[in-house]
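# Chain and residue survey
Listed below, chain by chain, are the residues.
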Amino acid sequence: GNQGHSSEHIRLLKEWLDAGVIGPVEQVYAWTDRPVGGDPWSDFAVKAKSNETPLPPKGMDWDLWLGPVQHRPYHSDYHPMKWRAWLDFGTGSLGDMGCHIIDPAFWALDLGHPETIEATSTHWEKAISSQTYPRASMVRYHFPARGDKPPVKLNWYDGRLLPPRPDGLPRDIKLPGSGAMLVGRDGVILHGSHGAGGMQVFPDSLKEKYRQVEETILRVKGGQQGHVQDWIRACKDGKPASSTFEYGVALTEAVLLGVLAIRAKDQKLYWDSKNYSFKNNDTANALLHPPYR
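Residues numbered from 1 in each chain as written. Predicted model: local features only at pLDDT ≥ 70, side-chain atom pairs only at ≥ 80, totals over all residues. Heavy atoms only, no water.

So, on to the pairing of strand β6 (residues 188-192). Burial analysis of β6 places 5 of its 5 residues in the buried class, which makes it a mostly covered element. Judged by which residues are buried, β6 turns out to be covered on both faces: V188, L190 and G192 on one side and I189 and H191 on the other are all buried. Of the pairings in the sheet, the one linking strand β5 (residues 179-184) to β6 comprises 5 bridges and is antiparallel in character. Within the sheet, the bridge partner assigned to G179 lies in β6 and is G192. (Buried < 20%, exposed > 50% of the residue type's maximum accessible area, 1.4 Å probe, protein only. Helix = DSSP H or I, 4+ residues; strand = E, 2+ residues; numbered from the N terminus. Pairing = 2+ DSSP bridges.)

So, in structure tokens, the structure goes:
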């Protein structure tokens, strides 16, 4: 569901970066304020209720909803919404929002596969066997050079943690609840979630430069429902949709590697994309293939 990939702003962002508006980008900061409030995502908040066994909502096939994971009784601390918190059902704040927030930089910078991923987080019991994700985490990705593009360090923050403010970003500019900053050698681009909405460029002296950038990427028509119309159009004429499976797989892989780094906790993981495995961590490798019932 990275519908923001069909937006106007994500195309502008890529065109501006391709034109060198802020110079080569070596640092990206991305963040979300989820989980809002923190408590529903913590073992300490759900343990008291998770032993109760109320009936599922009328019309809900609980066994079907569970899918491949081990059976457990229904509880409202799992569904609706809170399933994102649980290792069996969801992928935490990063898995929830990463494909919306990281998408613009991932596409515009052609990031591809990260070489290393490491994470730290607020306390959670027995990181590998805990049932829920921590309240807040930080994940650091390192992407190698791609052609003439320099290596990129991508830093993720959730649980209301915010990144440092780079030089060139005015102190009076408020960071959105979810968003990203791309830091180039000549300037900074700040944007919100879902396809680089609310995009701003700093310093102001770069305005004339990005206003002169020509449109080179095909636009998706249809306004807020453009991604739906684009999918229907692709079904009819056979030309690729805005966000293809090939692109979505790579983006999702990068996000989920960060989730695994959070679960590995304080260990630097070295990713082998060709063999789909970590070079240095058998425990993390086991998490790539969870058992199905």
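So much for the structure itself; the text now carries on.
Our focus in this paragraph is the pairing of strand β8 (residues 269-272). Summarising the sheet, strand β2 (residues 116-121) and β8 pair through 2 bridges and their orientation is antiparallel. Among the inter-strand pairings, I117 is bridged to a residue of β8, identified as L269. Here 2 bridges tie β8 to strand β9 (residues 277-278), and the two strands are oriented antiparallel to one another. By the bridge assignment for β9, W271 is matched with F278. Hairpin connection from β8 to β9: 4 residues lie between these consecutive antiparallel strands, with Y276 at a positive phi of about 50 degrees.

With that out of the way, let us pick up the nonpolar core. By size, the foremost hydrophobic cluster in this structure holds 56 residues, and its most contacted members are L17, I22, L94, I102, L109, L182 and F278. When residues in this core are grouped by element, the largest group, 10 residues, is from helix α9 (residues 245-264). Look past the residues within four positions of F278 in its chain and what remains in contact with it is I117, L257, L260, L269, Y270, W271, A284, N285 and L288. (Core = buried A, V, L, I, M, F, W, Y, C linked by side-chain atoms within 4.5 Å. Contact = heavy atoms within 4.5 Å.)

When helix α1 (residues 8-18) is considered as a whole, its buried residues turn out to be I10, R11, L13, K14, E15, W16 and L17. With a side-chain oxygen lying 3.3 Å from the backbone nitrogen of I10, the N-terminal cap of α1 falls on S7. In the stretch just after α1, G20 is the one whose phi turns positive, near 75 degrees. (Polar contact = N/O pair within 3.5 Å; in protein donor to acceptor, adjacent residues only side chain to side chain.)

The N-to-C vectors of helix α4 (residues 92-101) and α9 enclose an angle of 155 degrees; their axes lie 9 Å apart at closest approach. Here α4 is positioned roughly antiparallel relative to α9, judged by the angle of their axes. Once α4 is placed against α9, the crossing between them reads as right-handed. Counting all contacts with α4, which are made through L94, G95, G98 and C99, the residues of α9 involved are L251, T252, V255, G258, V259 and I262. Split into classes, the residues belonging to the contact of α4 with α9 amount to 6 nonpolar, 4 polar and no charged. (Axes fitted to C-alpha atoms, helices over the stretch in contact; angles between N-to-C directions. Parallel < 35°, antiparallel > 145°, perpendicular 65-115°, else oblique. Left-handed = near helix turned anticlockwise from the far one by under 90°. Nonpolar A, V, L, I, M, F, W, Y, C, P; charged D, E, K, R; others polar.)

Time to look at the pattern of salt bridges. Within this structure, the stated rule accounts for 12 salt bridges. R219 is the partner of E15 in a salt bridge, and the nearest nitrogen-oxygen pair spans 2.6 Å. Remark: R219 occurs in the loop between α7 (207-211) and α8 (226-237) and E15 occurs in helix α1; sequence separation between them is 204 residues. For R219, a relative accessible area of 19% corresponds to the buried category. Between D63 and R293 there is a salt bridge, and its shortest N-O distance comes to 3.0 Å. (Salt bridge = Lys/Arg side-chain N within 4 Å of Asp/Glu carboxyl O.)

In this section: the side chain of R72. Relative to the assigned elements, R72 resides in the loop between α3 (62-66) and α4. Its relative accessible area of 13% is what places R72 among the buried residues. Among the polar contacts made by the side chain of R72, one reaches the side chain of Q131 at a distance of 3.3 Å.

Turning our attention to unusual backbone geometry. With an omega of 5 degrees, the peptide bond running from H79 to P80 counts as cis. In this structure, P80 sits in the loop between α3 and α4. Phi is positive for A196, close to 65 degrees, though the residue is something other than glycine. As for its position among the elements, A196 is in helix α6 (residues 193-196). With a relative accessible area of 0%, A196 lands in the buried category. One non-glycine residue with positive phi stands out, namely Y276, at about 50 degrees. Counting through the fold element by element, Y276 comes out in the loop between β8 and β9. For Y276, a relative accessible area of 43% puts it in the partly exposed group.

For the structure shown, the criterion picks out 12 aromatic pairs. With a centroid separation of 5.2 Å and an interplanar angle of 85 degrees, the aromatic rings of W62 and Y74 are classed as edge-to-face. Within this pair, whereas W62 is found in helix α3, its partner Y74 is found in the loop between α3 and α4, the two being separated by 12 residues in sequence. Take W62: its relative accessible area is 7%, and that puts it in the buried class. Looking at Y74, the relative accessible area reads 8%, which means it is buried. Here Y141 and F143 contribute two aromatic rings whose centre-to-centre distance is 5.8 Å and whose plane-to-plane angle is 20 degrees, an arrangement assigned as stacked. The exposure class of Y141 is buried, given its relative accessible area of 4%. (Phe/Tyr/Trp six-rings, centres within 6.5 Å; stacked < 30°, edge-to-face > 60°.)

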